[in-house]
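Spelled out, the chains give:
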Amino acid sequence: MTEKSSLNPIVIFDIDGVVRDVGNSYRRALADTVEHFTNTAYRPTPTDIDQLKSEGLWNNDWEASQEFIYRYFESLGQTRQQLQLDYKTIVAFFQSRYRGTDPENWNGYICDEPLLLQPNYLASLTASGISWGFFSGATRGSATYVLHKRLGLQSPVLIAMEDAPGKPDPTGLFATIGLLENELNNLSAIIYVGDTVADMYTVRKAREMNPHRIWIGVGILPPHVQDTSAHSDAYSQILLAAGAAIVLSNVEQLDPAKIGELLQLQQFSCI
């Protein structure tokens, strides 16, 4: 019997909250958008946003913004049919804050996102024979901005918002794997690294659809939940309950040695 730990794994990364800190960019744009469309009456807090995303359905921040707006007006007794929100207008306002006002040279919140990993980390995975790529709910333009312009990656494997249905649908995860593999190998281990419940649900759904492959969800604590140990612990428990095999405080902790440990644990759990 082939040992699972002897197979070179494929590591696929989410981007927001894993590769870059979006606490003061995407989340700020989300809060700005909700505040704008509720006539400054309501601005969701980071805790509010976490609670919404813990439902596992709101990985897309445009849709999350709209949902917050709907729920606010519902709390005042209005129905969604009465509101008739224009989704395209919501998206346009969000993008004016996140990307900025110049469509050619972005000048919005995206320009100041701190990076959570460095290129030498990815190089260490490659040197260890570990394939890697990216599957993100971010737009291709936004994802390309951080991967190409900020990290200097030339042609990374990337499946973005425009390429697949939103998480937790695992279609985009399967597509990323397909781009990384020369041929299908149902025994190779897949590690998906994300920071939300939707990311962990994606792994669970992938496992349900293809139980013959090894699937491992790795949770990452986004910076905004690391303000106190209590906050970090609570968020860790949410990710673990959603299916994470392990939760780390930074993606670079998922080094080749840690990946080997995860594969060994997975092997023993399947004996």
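Use the structure listed above.
A brief report on the enclosed structure follows. (Residues numbered from 1 in each chain as written. Predicted model: local features only at pLDDT ≥ 70, side-chain atom pairs only at ≥ 80, totals over all residues. Heavy atoms only, no water.)

**A word on the sheet that holds strand E3 (residues 158–159)**
Selection rule: Strand pairing requires that DSSP identify at least two bridges connecting the strands. Secondary structure elements are taken from DSSP: a helix is a run of H or I of four residues or more, a strand is a run of E of two residues or more, and numbering for both begins at the N terminus.
Taken together, six strands build an open sheet; the order of strands is E3-E2-E1-E4-E5-E6 and the sheet is parallel. Edge positions in the open sheet fall to E3 and strand E6 (246–248), since each of these has one partner strand only. Of the pairings in the sheet, the one linking strand E5 (residues 214–220) to E6 comprises three bridges and is parallel in character. The residue bridging Ile220 from the neighbouring strand is Leu248, located in E6.

**Re the pattern of salt bridges**
For the record, the criterion: Salt bridges are counted wherever a side-chain nitrogen of Lys or Arg sits within 4 Å of a carboxyl oxygen of Asp or Glu. A 1.4 Å probe rolled over the protein chains alone gives each residue an accessible area, and that area as a share of the maximum for its type sets the label: buried under 20%, exposed over 50%, partly exposed in between.
If you walk through the whole model with that rule in mind, you get 16 salt bridges. Across the pair Arg140 and Asp163 runs a salt bridge, and its minimum N-O distance is 2.6 Å. Here Arg140, found in helix H7 (residues 140–150), pairs with Asp163, found in the loop between E3 and helix H8 (171–180); they are 23 residues apart in sequence, far enough to count as distant. Look at Arg140 and you get partly exposed, because its relative accessible area is 33%. Taking the relative accessible area as the measure of exposure, Asp163 reaches 36% and is therefore partly exposed.

**A short note on empty space enclosed by the protein**
Convention followed: A 1.4 Å probe that fits into a set of points on a 1 Å grid over the protein atoms alone but cannot get out defines a cavity; an open set with protein on both sides within 12 Å along at least five of seven lines defines a pocket, and lining residues are those with an atom within 4 Å of a point. Grid points are joined across faces, edges and corners, and a volume is the space filled by probe spheres set on the points. Under the convention adopted here, Pro, Cys and the residues Ala, Val, Leu, Ile, Met, Phe, Trp and Tyr are nonpolar, Asp, Glu, Lys and Arg are charged, and Gly plus all remaining residues are polar.
In this structure the tally under the stated criterion is three cavities of 30 Å³ or more. What lines the largest cavity is a set of 21 residues, and nearest its centre among them are Asp16, Tyr26, Lys53, Asn59 and Asp61. For the lining of the largest cavity, the secondary-structure elements that each account for two or more residues are helix H1 (26–37), helix H3 (61–75) and helix H5 (87–98). Residue classes in the lining of the largest cavity are distributed as six nonpolar, seven polar and eight charged.

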